Each structure stands twice: as C-alpha cells, then as structure tokens.
Amino acid sequence: MSCSRRKFLKSTLKGTLAASVPLSAFRFLSPAESRAATESTGTPGTRWGFIVDTNKCVGCGFCVKACKKENEVPYDAPVTRTWVERYVVTRDGKDYIDSPMGGRDGFTDPKIRGEEIPPEEITKAFFVPKLCNQCENPPCVQVCPVGATYQTGDGVVLVDRSWCIGCGYCIMACPYGVRFFHPVYRVAEKCTFCYHRISKGMKTACVDACPFGARQIGNLLDPEDPVAQIVQTQRVAVLKDEYGTKPQVFYIGLDKNVR
Amino acid sequence: MKNHVLRPLWVVLGAIALLLLVRYFMVPADFGVHGESFKLSFHRLSNVDDWRNFTVKYKGNTLCIECHEENVEAHANSAHAIIQCENCHGPAENHPDNPESLALDTSRELCLRCHADLPYPSSTARNQIPPIDPNKHNPGSACVQCHNPHNPELEVG
Amino acid sequence: MTPELFVHGLEWTEKSLYVYPNEFIYWSIQIVMYPYMTGLVAGAFVLSSLYHVFGQQDLKDMARFSLVFSLCLLPVAMMPLQFHLQQPLRGIEVMFTPHFTSAIAAFGIVFSTYAVIVMSEIWFVYRTYFVEQIGELKNDTSAAGSIKRWIYIILALGASDLSDKAVAKDKKAVKILAGIGIPVAGFLHGYAGFIFGSVKANALWMSPLMPVIFIMSAVVSGIALCMLTYIIIMEWKKFQAVLARGKGDETVLLLRGVEMDVMTKTARYLIMFLVAAISLEMLDLIFRGYTAMKSWDILRSVMFHEDFVKIFVLQYGLGNLVPFIMLLIPGLTIRRTVIALCLVLFGVFMMRWNVVIGGQAFSLSFAGFMHYHLPIIPHNLETFKEGLFGALTVAATPFVLFWGINKLLPSLDLKH
C-alpha cells in the first residue's frame, strides 16, 4: 500500500520535474529574449544630458508647475519630480535653505520658514533647480528587487508602474531624494526627462517652461548639440560626486553650499 | 524499505516546479535583459513604449500661433517674449477640441513669481527683473488691471 | 472626480529645517519589525543548532522548543514586508523576476531555503512521533481524531519505517540540516543587515559592519526570546503542578530545578553574543567619529542631540548595560532573569528602531531633520498597517502560531 503510493508520488514528481526543466530553460533562452538582449531600448546614438545654469534661475517655479501638470503628479501633493531650492547665505557663513511646495508657486516671500533674514546680512543668494540626475551608475536601479526600474539605452531611468511592488528601496538608495511614491498609483515615481517628449524631438516640459534658459536638455553624444558643447567646453559640476553615481545633469555656477 | 531521507527534497522540488509553472504564466513574455547589463537593463521591454506614449500636454508656442497669430506676435515683441504662452494660459493639451477654452491664470501670484522683490545682492539673477514690494504696490489688486501682460511696457487705460 | 491623494509618509513625518521635498520616513515601523523578527528567527534556530550540531548537552531541553518556535517565527519574518509594500499583491514578483543586484531580491531565495531547512529538520525530528501517532489514533473514531490522524499521515510523507537504522538516519539528517542551517540563518539575517549597510545614500546605514552587527544582535534577541518563552511555559507548568499537588510536591521542585539549570547555562551564551554585538556597535561609532567624514556633523547631532535618549539611554543603557550587569551578578533568580531578558529584547528592538528610523531622522541634504510619529489609532488601512497595531499584530502572530502548531508538534514535554 505505502509502496504503491510512494511510487505514484515519485512518478508524479518526476513527471512534473521533467515538464518544468525544459520549461524554465525556455524562459531563459528563448530566441526572442536573446535577440532583445542585443537591442538598445532608446534612440540610437543618444545619451540624454541636462544643463542647469544656476546663474540664470530666478526662482519663478514655472518649471515645477509645468512638470507637475505635464506628468500628472497631483498638483497639491507635497511631492514633485523637479523642484527649486533657494539658498541665502549670510555674513556669518550660515546658510538658509528652503523649497516650499518644491518651489511650485515661485519664491515671493523673503522670509525662510517664517524667519526674517536682515537684508544687510545677506552676502549671496541663489536658486538651484533639481531633478533626477539620470545617473550613469544609478543606485536606484541596482537595488530594485524585481526589475521594475531600469535604464534605457539612451540613458534615462524609468519605472514600470505595472511591475513595481512599492518596497521603497529605490527611494532609499537615491542620494538626491528625487524619488517618491506616486500619490495615485502607489508605486515609485521619478523624473523621466519627459521621455514622451524627448523621444518625439521635443524638449522637456521644464525646459520649455523656463523663461530664462536656466534649463537645457540635449544629446551628449552629438558634438553639434549645444548641451554637449557646454559640457565639453565649460566648467560644469555635478551634485554629490562622492557617491560615484556619475550624474548626467550638469550644473553651471554651483556653489559649495548646495546640498 | 528504501531510503526515506530524500522525501522532503521531493516535496521541495515539487514546490519549485509549481513556482516555475506559475512564473511562466505570470511574467510578461518581453521581460528580460534588454541592453548591456543585467544590473541596469532587466525589465519589461514594452514599458519603454508605455512611457513614450504618455500624453503630451504642453504643446508650445508653435501651436498657439496657428490660430492666435496676433497675440503671439505682439507678445513676441515684448519684454515678456521669453515667457511661453502656456505658462499663464495653461497646458494646451488637445485645445481647441479638449479643453475648449484654457484656464487662464491672471492672478497677482502668477506675476509675483518673478516680480516680487527679494532683498538679495545684485549677483542674483532675480535682480534683473523690475521688482515690486507686494505689500506696498497696490496690494489686493490684480496686476492685469493696470499692466498688459502681453506687452508690459503698455499700461492698460 | 479626483482620486484620493495618499502621500506615503506624510502622515507620520515631521520635517524641520531643510529637507528635500520628496523625503519622508518611507521605511517605518514595519521595517523596524522586519529585521527584529528575522533576528528572532535566526537566533532561535542557532540556539537549537548549538545542541544538534555541537552537542551542547546543556541546551538539550531548549533545542526542540526553539526549533519549533523558529518555525512559528518564519511566516512572521515575511509579514512586516507584506504590510510595508505599497503593492502587497505583487510581492511574489520577487520570486518571479528576481533582480539579483538588489539585496532584497535574495530574500525570496534565502528565505525559502531557510524555510525548507527548518521544515525538513522538524520533519526528521518529529517523523517518529508522526508514525507513532498514526498508530495511536487508529482507534480514535471521533472526527477530531481522524482529522488529526490524516494530517499526520500527510505529514509523514509515507515514511513509516521506525527501525533503528531508519531512526539513526533521521538523527544524522537532523545534524546535517542543523549544520547547514546555521550559516543559512546567519546569512538570512546578515543579508538583512546588508540591505541597510549597502545603501550608500544613507550615511548612518552605510557600513560594512552592519551585517555582522545585525547577526550578533539577532542571536542575542533570538536566545532571549526563547529563554523568556521557555520560562513562561515552565512557570505555567509549575503553577498547574502546584494547583494539582501542592507547593512542596516533588514535580514542582523538579521543574524548578530543570528550569534554573537551563537558564543559567543559556544565559552564558546570551552574554557572549551580547558582548560581541556591543563591541561591534561601539567600533562602528568610534570609527565614524574618528574619521569624521562629511556626514559626521549631522550624524553627531542626531546621535547626541535628537536621538540621544533613544540611543544611549534606552538602547545601550537600559537595553544592554543593565541586563548585562543583571545577568552577571551571581545567584541568578528566575525573576531577575525575566527582567533582564525583557530588557535585552527591548534593547535589540531599540537598536533596530535607531537604525531604521534613526537612519531617516536626518535629511539627505544634511541640512534638516525628520521626526517620526508612530500612528497609534488607525483611521485607515495605511495607519493600521504601518502603525502600532500593525506592529503588535506582527509581534503576536508567532505566539498564536505556536499555540496552533504545538497541538501537532508538541515541543514542551519533559520526557523527550
């Protein structure tokens, strides 16, 4: 009795195993997949890069407004794909930083978090727009446990909203704080360099919205591209170089106080 | 009786087989390494197209000029030429089909984004823009009552 | 109609000074519970293996119990993650498309391997018992009896051989599995430490010592929990014996003797691991202070100002130093042990708290702070899951499971 049951169990298992082994082999080695492996997912010959000229930014916040509307990030949620920071440095070397609602409504109040800073004490003040750095070595992609975030062939880091499990590891791994949970879709959300626009030959919404030319996007692999030329010929800096993320957003006029 | 020690192992192998079977049906067929490395390019291929097909909302001045030529040209010759139509008029989306008319922002707050006076040194780019003190310069009134946004030199009568 | 906005973390995060707009305390109480619970699992298993592998006879009475208890803790290590995920139904994707460059991707594999080892080991330990029960329950005609019998028949997997040779094979298998289990349990928890230690964006977490610190404190908490549960069960038995036969009865004295003996011996192991854990943590702290990297200014203000009470008073003081002294003073009593064990468990919990919440207490900008307010009264699913009651649910589950599993796998009999 027990012997026949065992036999039955064994043969069932063997059968399942035999069926599953080629099945799994198929999963990893299907011709479609190995072909896909050599394909590049982005526009060929393109590496998107971004220039932020902090000398030109006046803190109007039109970029943040446009970004939120263009990319359907709820307007009144305190999270945003791009934001503008204000830095006010006083005579004693102290810095005051703020970005109310990410600078969505611009900076119209001289007070920072309700604190009045005596104008005669201010030695320098400037605005710094921030967005995803689309790192060449993105820690957020490295830590995604399920392959829901990835880097396209043209260097943009995207999130698959249908596959993200919402663990938040990518949010934790980003040294720049550009990621957040989308308030409606409840998955990781980030700047896509307006992938839907740049892949149609348009500029990003924030670049278009900026009246002062403080933001530019371009192809770093094209020697004729203005952005590529600025990166090659001018002195540009990146944020938090020490993390080894190799950011592709380059800053002109970056101050040491910028976080 | 034969060796019973491997029994738990058979159970485990059965579970693994079951998992692989479920995986086969659950994972999209285009999921895999689509690029140089497993580290950066392991994803569902069609998601790239999902993002490419996202709706564009800000269409740019070139769309506006098709119908509102007069306004766009007047604006293009003013000091406000650097400001995109949609910054104040709102994203065009599929205007004039949908929405039929855009939600124009004529609020004082909109103008103050650039024109509110901030007491910063002249090195700040903001100082190139004519400033007003929002608390002293006709507080409470809309800027457009006096100023023509398409040509700020011109005061409304 | 606008869909309801839910900004994850907004509810319990209070920001001060300059914090990036998107920063919130995204990893909250459940992520404190997660390493705490895996720590208990790993610790309980290591304790049971000390007997099976190294033949620590003094742990014999604890071994079977801690093995079954680590089985009860198994699903609980997964629960906090499920509670924490924004898309809990997609959690299984970790098994489908594991992206192995992520420390979390290993979870599915390591955790399943570990689960398999624990369950197989239990199967070998209890196989004889299953077979005996199948025989004993044969004459039980009640519904409960026959259901139980069928469960045992399924559990026995058709292996009904109880010859000396077969039983000897079981014993050998247990030994091998326990041997493999120790490194896997260590790995299970070490990699929980790696999940944190490898986040280079977080100045507090990033440390190669993190996995080792996590393993040490895991073993500490695991041993402490097993000891505590053992004491509670023995006290209950004593209480029953006292009720039945009076205070001076032989059984009561015997129980008391066994209990105290097991305690003094297990406590020695606890102290050893406690010393190792504290030494590593101190090394980490001293190193950060001495090298004074860019992040040290903000770390220092978090550790010595914002979170001083939580770190130095509650964690190191009350959670480590006090129980350490209590366990070292000669003439250990059960009451003193219980208090010390509770403090140890509390101390390890505070360590997890200070790592997980403390790591998010300062902004990535190094220019601001975030304060965490644990949601107490839930008013939606989110504040339940990631609030006090969610955490309590997780904490209570292993005991509920143990109550159930103990009916099938009795692990508290004196005569085994």
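What counts and what doesn't
Residues numbered from 1 in each chain as written. Chains lettered and ligands numbered in written order. Predicted model: local features only at pLDDT ≥ 70, side-chain atom pairs only at ≥ 80, totals over all residues. Helix = DSSP H or I, 4+ residues; strand = E, 2+ residues; numbered from the N terminus. Rg over C-alpha atoms; globule rule 2.2 N^0.38 Å. Buried ≥ 20, exposed ≤ 12 C-beta atoms within 10 Å, placed from the backbone. Contact = placed C-beta atoms within 7 Å. Nonpolar A, V, L, I, M, F, W, Y, C, P; charged D, E, K, R; others polar. Pairing = 2+ DSSP bridges. Axes fitted to C-alpha atoms, helices over the stretch in contact; angles between N-to-C directions. pLDDT = per-residue confidence, 0-100. Parallel < 35°, antiparallel > 145°, perpendicular 65-115°, else oblique. Left-handed = near helix turned anticlockwise from the far one by under 90°. Expected span 1.5 Å × (residues − 1). Bend = angle between axes of the 7 residues up to and from the residue. Core = buried A, V, L, I, M, F, W, Y, C linked by C-beta atoms within 7 Å.

**Section: the overall build of chain C**
A tally of helices and strands in chain C yields 13 helices and 2 strands. Taking 22 Å as the expected radius of gyration for a compact globule of 416 residues, we find that chain C reaches 23 Å, a close match to that expectation. Seen through its principal axes, chain C has C-alpha atoms that stretch 70 × 60 × 40 Å. Residue burial in chain C is summarised as follows: out of 416 residues, 48% are buried. For chain C, restricting intrachain contacts to residue pairs at least 6 apart in sequence, the fraction spanning at least 24 positions comes to 75%.

**Focus on the overall build of chain A**
Looking only at helices and strands, one finds 8 helices and 10 strands in chain A. Put simply, 63% of the contacts in chain A that link residues at least 6 apart link residues at least 24 apart.

**A word on the interface of chain B and chain C**
Listed per partner, the contact involves 15 residues of chain B and 14 residues of chain C. Contributing elements (two or more residues each) for the side of chain B that touches chain C: helix 1 (7-26) and helix 2 (38-41) of chain B. The element contributing the most residues to the side of chain B that touches chain C is helix 1 of chain B, with 7 residues. Counted by class, the side of chain B that touches chain C contains 11 nonpolar, 1 polar and 3 charged residues.

**Looking at the sheet that holds strand 2 (residues 83-90) of chain A**
Strand pairing within a sheet occurs via backbone hydrogen bonds; the two strands may be parallel or antiparallel. Residue and element names in this part refer to chain A. Reading across from one edge, 3-2-4 is the order of the 3 strands in this open sheet, with antiparallel pairing throughout. Taken across any chain shown, the strands that pair with only one partner, and hence form the sheet edges, are strand 3 (95-98) and strand 4 (122-130). Strand-to-strand twist across the sheet, computed as the mean angle between neighbouring axes with direction ignored, equals 15°. In this sheet, strand 4 lies alongside strand 2 in antiparallel orientation, the contact comprising 8 bridges. Bridging from a neighbouring strand, Trp 83 pairs with Lys 130 of strand 4.

**Re the confidence of the model for chain C**
Residue and element names in this part refer to chain C. Here chain C shows a mean pLDDT of 88. Residues at 70 or above account for 97%. Taken element by element, the predicted model of chain C shows its lowest mean pLDDT in helix 1 (residues 29-54) (83) and its highest in strand 2 (residues 368-372) (95). As a predicted assembly, this complex carries a pTM of 0.89 together with an ipTM value of 0.90.

**With respect to the packing of helix 7 (residues 210-245) of chain C against helix 8 (residues 250-291) of chain C**
All names here are of chain C. Their axes nearest at 9 Å, the elements helix 7 and helix 8 cross at an angle of 165°. When the axes of helix 7 and helix 8 are compared, the pair comes out roughly antiparallel. At the point where helix 7 passes helix 8, the crossing takes the left-handed sense. Within the contact of helix 7 with helix 8, the residues separate by chemical class into 24 nonpolar, 3 polar and 7 charged.

**Side note on the interface of chain B and chain A**
Every contact between the two is made by 48 residues of chain B and, on the other side, 55 residues of chain A. Among the elements of the structure, helix 1, strand 1 (31-33), helix 2, strand 2 (42-44), helix 3 (46-52) and helix 7 (108-115) of chain B are those that each provide at least two residues to the side of chain B that touches chain A. When residues in the side of chain B that touches chain A are grouped by element, the largest group, 7 residues, is from helix 1 of chain B. Each residue belonging to the side of chain B that touches chain A can be placed in one class, and the counts come to 28 nonpolar, 13 polar and 7 charged.

**Considering helix 1 of chain C**
An α-helical segment advances 3.6 residues per turn. Residues three or four places apart therefore align on the same side. All names here are of chain C. When the terminal C-alpha atoms of helix 1 are compared, their 37 Å separation across 26 residues agrees well with the 38 Å that a helix rising 1.5 Å per residue should span. Its axis deflected by about 30° at Ser 48, helix 1 carries its strongest bend there. In terms of burial, helix 1 is a largely internal element, 24 of the 26 residues being buried. Looking at the residues trailing helix 1, positive phi occurs at Gly 55, about 60°.

**A short note on the sheet that holds strand 9 (residues 215-219) of chain A**
Residues and elements named next belong to chain A. Pairing is mixed in the open sheet, where 3 strands are placed in the order 9-1-10. In the strand order of this sheet, the two ends are held by strand 9 and strand 10 (249-252), each with one partner. Taking the axes of each pair of neighbouring strands and ignoring which way they run, one obtains an average angle of 25° across the sheet. As paired strands, strand 1 (residues 48-53) and strand 9 are joined by 5 bridges and run antiparallel to one another. Bridge pairing links Val 52 to Arg 215 in strand 9. Across the sheet, helix 8 (residues 226-233) touches strand 1, strand 9 and strand 10, and the angle it forms with strand 9 is around 100°.

**With respect to unusual backbone geometry**
Residue His95(B) is joined to Pro96(B) through a cis peptide bond whose omega torsion reads 10°. Following the sequence through the fold, Pro96(B) ends up in the loop between helix 6 (85-89) and helix 7. That bond from Asn98(B) to Pro99(B) is cis: its omega, 0°, falls within 30 degrees of zero. Position of Pro99(B) relative to the elements: it lies in the loop between helix 6 and helix 7. A positive phi angle, near 55°, is found at Phe193(A), a position not held by glycine. Along the polypeptide, Phe193(A) turns up in the loop between strand 8 (188-189) and helix 6 (195-198). The buried category is assigned to Phe193(A), around which 29 C-beta atoms lie within 10 Å. The phi angle at Lys240(A) is positive, at roughly 45°, despite the residue not being glycine. In this fold, Lys240(A) is placed in the loop between helix 8 and strand 10.

**Some words on helix 3 (residues 62-70) of chain A**
Helix 3 of chain A sits mainly inside the fold: 8 of its 9 residues count as buried. Where helix 3 of chain A is buried, its residues touch strand 2, strand 4, helix 7 (205-209) and strand 9 of chain A together with helix 6 and helix 7 of chain B. Just downstream of helix 3 of chain A lies Glu72(A), where phi reads positive at about 55°.

**Some words on the pairing of strand 2 of chain A**
Residues and elements named next belong to chain A. Extensive coverage of strand 2 is indicated by the burial of 7 of its 8 residues. Bridge count between strand 2 and strand 3: 4 bridges; the pairing is antiparallel. Note on strand 3: the bridge partner recorded for Arg 86 is Asp 98. If you look at the hairpin formed by strand 2 and strand 3, you'll find 4 residues sitting between the two strands, and Gly 93 has a positive phi there, around 85°.

**Some remarks on the environment of Ala367(C)**
Take Ala367(C): it is sitting in the loop between helix 11 (334-356) and strand 2. Sequence spacing of Ala367(C) and Gly197(C) is 170 residues, and the spatial spacing of their C-alpha atoms is 22 Å. Contacts of Ala367(C), omitting those with residues within four sequence positions, involve Ile97(A), Arg259(A), Leu17(C) and Tyr18(C).

**Structural notes on the environment of Ile311(C)**
All names here are of chain C. Within the secondary structure, Ile 311 is located in helix 10 (residues 308-328). Residue Ile 311 is classed as buried on the basis of its C-beta count, with 22 C-beta atoms lying within 10 Å. Sequence spacing of Ile 311 and Asn 354 is 43 residues, and the spatial spacing of their C-alpha atoms is 6.5 Å.

**Remarks on the packing of helix 8 of chain C against helix 10 of chain C**
Residues and elements named next belong to chain C. Relative to each other, helix 8 and helix 10 sit at 145°, their axes nearing to 11 Å. Seen along the crossing, helix 8 lies across helix 10 with a hand that is left-handed. Of the residues in helix 10, those in contact with Ala 267, Leu 270, Ile 271, Leu 274 and Ile 278 of helix 8 are Asn 320, Phe 324, Leu 327 and Leu 328.

**What to know about the nonpolar core**
In globular proteins that are soluble, nonpolar side chains generally tend to be buried together. One finds Met37(C), Leu73(C), Val220(C), Ile223(C) and Cys226(C) to be the most contacted residues of the largest nonpolar core, which totals 213 residues. By residue number, the principal contributor to this core is helix 1 of chain C, which donates 16 residues.

**A short note on the confidence of the model for chain A**
Averaged over all residues, the pLDDT of chain A is 88; the fraction at 70 or higher stands at 85%. Low pLDDT (under 50) marks residues 15-38 of chain A, which in the prediction has 19 contacts with non-local residues, meaning those over four places away or in another chain.

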